[in-house]
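These are the residues of each chain, in order.
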Amino acid sequence: MSRVFQPSAHVVGKSRLPSFDKYNEMYKKSLDNPEEFWSEIAKEFYWQTPHQPGKFVSYNFDVTKGDIFVKWMEGAVTNICVNLLDRNIEKGHGDKIAYYWEGNHPDDYSRITYRKLKDLVCQFANGLRSRGVGKGDRVSIYMPMILETVVCMLACARIGAIHSVVFAGFSSDSLAERMSDCKAKVLVTSDGAWRGEKLLILKKTCDEALEKAKTKHDHTVESCIVVSHLAKASPCGKLGDIKSLYDWNADIDVWWHELIEDQSIDCKPEWMDAEDPLFMLYTSGSTGKPKGVLHTTAGYLLYAATTFRYVFDYQENDIYWCTADVGWITGHTYVVYAPLANCATSVMFEGSPFYPDNDRYWDVVQKYKVTQMYTAPTAIRSLMKFGVENVTKHDLKSLRVLGSVGEPINPEAWHWYYNLVGSGRCSIVDTFWQTETGGHVLTSLPGATPMKPGAAGFPFFGVAPTILDDNGKVIEGPGEGYLVFSRPWPSIMRTLFGNHERYQSVYFSKFPGYYCTGDGARRDEDGFLWVTGRIDDMLNVSGHLMSTAEVESVLTEDSRVSEAAVVSRPHPQKGEALHCFVILNAGVQPDPSIIDALKKHVRARIGAFAAPDAIQFAPGLPKTRSGKIMRRILRKIAVGDTDIGDTSTLADPSVIDQLFKSKP
Ligand code: PRX
């Protein structure tokens, strides 16, 4: 049984939710009367038109009864950008710092107030309108962690355009596919950015992607807006002549600074219905093609704001820092929307934890006196190896809440985070959620809930988790099975962009009546929920979700490969790493150069984070008689575990021996 950690006096003394009883009371209220619970919170925000009485939430989660839908606050009209900026300024917080920006190079830093942020957002929103962007249009964003990225997202929200941020580590193929799928009208990028000592020429990747969108997917993006970032950034390595690094296509390219030059700092917002789309964000799908997860306006605002307030226990003078890139959902909700909805001051960090030294994170915490830090287990694990001194030489006393996200945090990393970074006085919030959930759904709450290292904890307000067995039977009390949710909370995704059928079949068809997360979970004797990992064919490498199918299809693009099967194996820093089995075509000789070429190809087609750790030539794959690959067995082979269990359903069990022998 794992040890239970109670919140410390340091945390409880300040907490807005100072006991487990208080949490239980609020949780019960949120389920018993969602309308009363959420409409109380909604009162803090600005609504051009209030929602229709009695229509706070309506939904159908049961595919056997008709189409799946979720609606919150029907009839309400608002604008999320107005709520994040204008509302806070009107309340007298115009001079409050919205972000401290810390560049890749420690000499590069700046700050921006709520008022200045609004001015820039309005100017850029007007700039977008001047390029023909309006309500419902899609804007792809391929940007580094700079303030213009936030400005761009909020400008889209202000004019009702749907932003689709693509993580700037994705390849030009991935960007092209995502821009074409959503038929983006505009792409926003920067000339480049430094990541540690590495120079990323984002504009070049964008040029390739724009070309591929045209030739491969028959989609033409009308404008490419480019932030001139490199000229302002201190060089962190070899730079040379910036202009020679990429091309300029005067037909569509425009500099950000030129676009906003003459634009007014006033911009009339587009009034949006509660269920109008706010943004879409692609996430990997188990059949390979990425899914455009769509989030809408009112519910997302309510839930993002509320989770932030309670999960991080954000209080007026706190300085909050989420290390996630804006290219992922964590960056959307917890770098941009949720902190601003709470009028918070955040740190936004462009760089790497290892540059210029391995103590950069702790340096940033000390520099800004960060009170809440939110990062990923993979980052924690990669910092653990640099020793205690690396952390203890910094003053980290300001910290109160330490967040974790992206994968289950292993107890060793939890203890290190808790004891060394948090000096045993901070609460750890292990937040389980997904691109699809929009905000935290399972978590501990500082001051309120006890913690167990490795457990996600308890459901957030309004969230009703259920554990089902293989037959869809509810497991009451302690037990393990599929993690599903029986009702919607305000920020659950509404559809997959342009593909409602796929939405219904991926998330709602396995267990009618439930949203299926794709993760397994266990409830222990004390009621703690533990997320046990994916139960579908998805892999989680350094907190980045990808599908086996996605990597397999890229591997088989090589004409020498006839078949591929990808599984994950444990990795000390990344959590999971890719182990790929490839069968070569008849007559092709296995050769190390093929392995190199395949690794490079996966990097180029998907992105560097998807690079396989191992590629193994396989004479065959363990398949059932019906032809299904038994990945369970491949996972054992990948780690050299010969205890492979029952193989009676295999068409040809002899393949297993051969695979063990050919393991690199
Ligand atoms: O498997 C779960 C894992 O990450 C998946 C969601 O990935 P993505 O949509 O990219 O969003 C990541 C950031 C919210 C989940 O299905 N996951 C995320 N957080 C946790 C987690 N697994 C265990 N514990 C967590 N705290």
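Residues numbered from 1 in each chain as written. Predicted model: local features only at pLDDT ≥ 70, side-chain atom pairs only at ≥ 80, totals over all residues. Heavy atoms only, no water.

J.: Sorry if this is basic, but what is going on with the overall build of the chain here?
T.: Each helix and strand in the chain was counted, giving 20 helices and 32 strands. For the chain, the C-alpha radius of gyration of 24 Å lies close to 26 Å, the compact-globule estimate for 664 residues. Split into buried and exposed, the 664 residues of the chain put 62% on the buried side. In the chain, 74% of the contacts between residues at least 6 apart in sequence involve partners at least 24 apart. Looking at the chain as shown, the accessible area adds up to about 24,900 Å², and 49% of this sits on carbon and sulfur atoms. (Helix = DSSP H or I, 4+ residues; strand = E, 2+ residues; numbered from the N terminus. Rg over C-alpha atoms; globule rule 2.2 N^0.38 Å. Buried < 20%, exposed > 50% of the residue type's maximum accessible area, 1.4 Å probe, protein only. Contact = heavy atoms within 4.5 Å. Areas by Shrake-Rupley, 256 points an atom, 1.4 Å probe, with all protein chains shown as cover.)

J.: Got a minute to help me understand the site of the ligand in this structure?
T.: Around the ligand there are 17 residues in total, and Asp430, Thr431, Thr435, Asp519 and Arg534 lie nearest to it. With respect to the ligand, the backbone of Pro408 contributes an N or O atom lying 3.4 Å from a nitrogen atom. When the ligand is considered free in solution it has 540 Å² of accessible area, and contact with the protein chains removes 95% of it. Elements with a minimum of two residues in the shell around the ligand: α11 (329–341), β20 (427–431) and β27 (529–534). Counted by class, the shell around the ligand contains 7 nonpolar, 6 polar and 4 charged residues. (Near = heavy atom within 4 Å. Polar contact = N/O pair within 3.5 Å; in protein donor to acceptor, adjacent residues only side chain to side chain. Nonpolar A, V, L, I, M, F, W, Y, C, P; charged D, E, K, R; others polar.)

J.: Honestly, the packing of helix α4 (residues 80–93) against helix α6 (residues 147–159) in this entry has me stumped. Any pointers?
T.: A pair of packed helices is characterised by two quantities: the angle between their axes and the separation of those axes. Direction vectors running N to C along α4 and α6 enclose 120°, while the axes themselves pass 7 Å from each other. Contacts between α4 and α6 pair Ile80, Cys81, Val82, Leu84, Leu85 and Asp86 from the former with Leu154, Ala157 and Arg158 from the latter. Grouping the constituent residues of the contact of α4 with α6 by class yields 7 nonpolar, no polar and 2 charged. (Axes fitted to C-alpha atoms, helices over the stretch in contact; angles between N-to-C directions.)

J.: Would you mind going over the domain arrangement of the chain with me for this structure?
T.: Many analyses report the size of an interface as the accessible area lost when the parts associate. Domain annotation of the chain identifies domain 1 (79–352) and domain 2 (542–662). Taken together, the contacts link 12 residues of domain 1 with 13 residues of domain 2. For the pair domain 1 and domain 2, the summed buried area comes to about 910 Å², and 52% of that belongs to carbon and sulfur atoms. Among the residues of domain 1 in contact with domain 2, Asp173, Ser284 and Trp328 are the three that bury the most area, contributing 38% of the side total. Here domain 1 is connected to domain 2 by 1 salt bridge. (Domains from an automatic or database assignment. Buried area = accessible area lost by both parts, 1.4 Å probe. Salt bridge = Lys/Arg side-chain N within 4 Å of Asp/Glu carboxyl O.)

J.: Would you mind showing me how to read the pairing of strand β6 (residues 138–142) here?
T.: Counting buried positions over the 5 residues of β6 gives 5, a clear majority of the element. The side-chain alternation of β6 yields two buried faces, one formed by Arg138, Ser140 and Tyr142 and the other by Val139 and Ile141. With 4 bridges connecting them, β6 and strand β7 (residues 162–165) associate as parallel partners. When the bridges of β7 are listed, Val139 appears paired with His163. Tracing the backbone out of β6, into α6 and back to the parallel element β7 gives a crossover that is right-handed. Judged from the 4 bridges that link them, β6 and strand β8 (residues 186–190) form a sheet pairing that is parallel. Across the sheet, the residue bridging to Tyr142 is Thr189, located in β8. (Pairing = 2+ DSSP bridges. Right-handed = clockwise from strand over helix to strand, strands pointing away.)

J.: What's the story with the sheet that holds strand β14 (residues 277–283) in this structure? I'm lost.
T.: Working definition: the strands of a sheet are paired by backbone hydrogen bonds and lie parallel or antiparallel to each other. Strands sit in the order β12-β11-β8-β6-β7-β14-β15-β25 across an open sheet of 8 strands; the sheet is mixed. Of all strands in the sheet, those bounded by a partner on one side alone are β12 (253–255) and β25 (495–496). In this structure, β7 lies alongside β14, joined through 2 bridges in parallel fashion. Looking at the pairing, His163 lines up with Phe279 of β14.

J.: Can you help me understand the sheet that holds strand β19 (residues 401–405) in this one?
T.: If you walk across this open sheet you meet the 7 strands as β5-β4-β17-β16-β18-β19-β20, and the pairing is mixed. Either end of the sheet is taken by a strand with one partner, and the two such strands are β5 (109–113) and β20. Averaged over all pairs of adjacent strands, the angle between strand axes in this sheet comes to 20°, irrespective of strand direction. Sheet topology places strand β4 (residues 97–102) next to β5; 5 bridges connect them, and they run antiparallel. Each bridged residue has a counterpart across the sheet, and for Ile97 the counterpart in β5 is Thr113. Strands in contact with helix α5 (residues 114–130) are β4 and β5; relative to β5, the strand with the most contacts, it is inclined by about 85°. Set on the sheet, α11 makes contact with β4, β16 (319–322), β17 (345–349), β18 (372–375) and β19; between it and β16 the angle comes to about 160°.

J.: What exactly am I supposed to notice about the packing of aromatic side chains here?
T.: Think of a pair of aromatic rings as described by two things: how far the centres are apart, and how the planes are tilted against each other in angle. Across all of its chains, the model carries 54 aromatic pairs by this definition. Relative to Tyr300, the ring of Phe279 lies with its centre 5.1 Å away and its plane at 85°, an arrangement referred to as edge-to-face. With a gap of 21 residues between them, Phe279 in strand β14 and Tyr300 in helix α10 (residues 298–311) connect regions that are remote in the sequence. Assessed through its relative accessible area of 0%, Phe279 is described here as buried. According to the relative accessible area criterion, Tyr300 is buried, its value standing at 1%. (Phe/Tyr/Trp six-rings, centres within 6.5 Å; stacked < 30°, edge-to-face > 60°.)

J.: Honestly, the packing of α5 against α6 in this entry has me stumped. Any pointers?
T.: Two numbers describe how α5 lies on α6: the axes approach to 8 Å, and their chain directions differ by 65°. You can see that α5 and α6 cross each other, and the crossing is right-handed. Each of Leu117, Lys118, Leu120, Val121, Cys122, Phe124, Ala125, Leu128 and Arg129 in α5 lies in contact with α6, whose residues at this interface are Val151, Cys152, Leu154, Ala155, Cys156, Arg158 and Ile159. Class assignment for the residues of the contact of α5 with α6 results in 13 nonpolar, no polar and 3 charged. (Left-handed = near helix turned anticlockwise from the far one by under 90°.)

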